[in-house]
Amino acid sequence: LRLHTRRRGWNDRQRQMMRAADAHHLLRLGILGALLVALILGFTWARSHVLERQRENSAEGLLKRLLAAETEQIPGIVREIDGQRSWADPLLQTALLQSQTDGDLQRQVRLSLALLPVDPGRSGFLAEALLDAEPRETIVIRDALKASRQLKAEPFWEIVEDVTVSRTRRLR
């Protein structure tokens, strides 16, 4: 309306009417802006919630794959886990605690291999597991320890030279 009328020609009633119209339209514009902001925030929250859930599901899937995989597949799965550490690590830690409670050494080895890149403390357990592992597992454990720079030869030489240790363990 302002564009189609001359302001100088308005009387007091018209000025009052235009101020009321301005207030009315500004209120509507403010409400529309607030609704638009609320809508954008709602979509942003929903999208982030969906993405978070997808990442959690992906981490759960990687954990299941790790526990069911053939030994040779474990390093590839660990590389996939590296991209999802913030979601996978809590699951791996919980599963490791459960496997320790259950005494499941096979699961402990797999979970320790997955946690080794972020928890060098797992190297002691893996070095010990290396002595009793099957040949296929030995290669995977050795490579993981070597890649993390946690493979030390001295403890193994002590076992080799210790005649009280069983022969099969010394020759691994």
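Treat the numbers as computed from the prediction; the structure is a model and nothing was measured.

1. Quick word on the pattern of salt bridges
Tallying each qualifying case throughout the model produces eight salt bridges. In this structure, Glu80 engages Arg65 in a salt bridge whose closest nitrogen and oxygen atoms are separated by 2.8 Å. With a gap of 15 residues between them, Glu80 in helix H2 (residues 74-82) and Arg65 in helix H1 (residues 12-68) connect regions that are remote in the sequence. Residue Glu80 is classed as partly exposed on the basis of its relative accessible area of 37%. Residue classification places Arg65 among the partly exposed residues on the basis of a relative accessible area of 40%. Among the salt bridges present, the one from Asp89 reaches Arg85, with a minimum N-O distance of 2.8 Å. Highlighted residues: Asp89 and Arg85, both in helix H3 (residues 85-102), separated by four residues, approximately one helical turn.

2. Notes on the side chain of Ser99
Residue position: Ser99 is located in helix H3. Setting aside residues up to four positions removed in sequence, Ser99 forms contacts with Asp104, Arg107, Gln108 and Leu111.

3. A closer look at the packing of H2 against H3
It is at 8 Å that the axes of H2 and H3 come closest, and there the two elements cross at 120°. Considering their axes alone, H2 and H3 lie oblique with respect to each other. The residues of H3 that touch H2, namely those facing Val78, Ile81 and Asp82, are Arg85, Ala88 and Leu92. In the contact of H2 with H3, the residues fall into four nonpolar, no polar and two charged.

Conventions and cut-offs
- Residues numbered from 1 in each chain as written.
- Predicted model: local features only at pLDDT ≥ 70, side-chain atom pairs only at ≥ 80, totals over all residues.
- Heavy atoms only, no water.
- Salt bridge = Lys/Arg side-chain N within 4 Å of Asp/Glu carboxyl O.
- Helix = DSSP H or I, 4+ residues; strand = E, 2+ residues; numbered from the N terminus.
- Buried < 20%, exposed > 50% of the residue type's maximum accessible area, 1.4 Å probe, protein only.
- Contact = heavy atoms within 4.5 Å.
- Axes fitted to C-alpha atoms, helices over the stretch in contact; angles between N-to-C directions.
- Parallel < 35°, antiparallel > 145°, perpendicular 65-115°, else oblique.
- Nonpolar A, V, L, I, M, F, W, Y, C, P; charged D, E, K, R; others polar.

So yeah, pure geometry; function would need other evidence.
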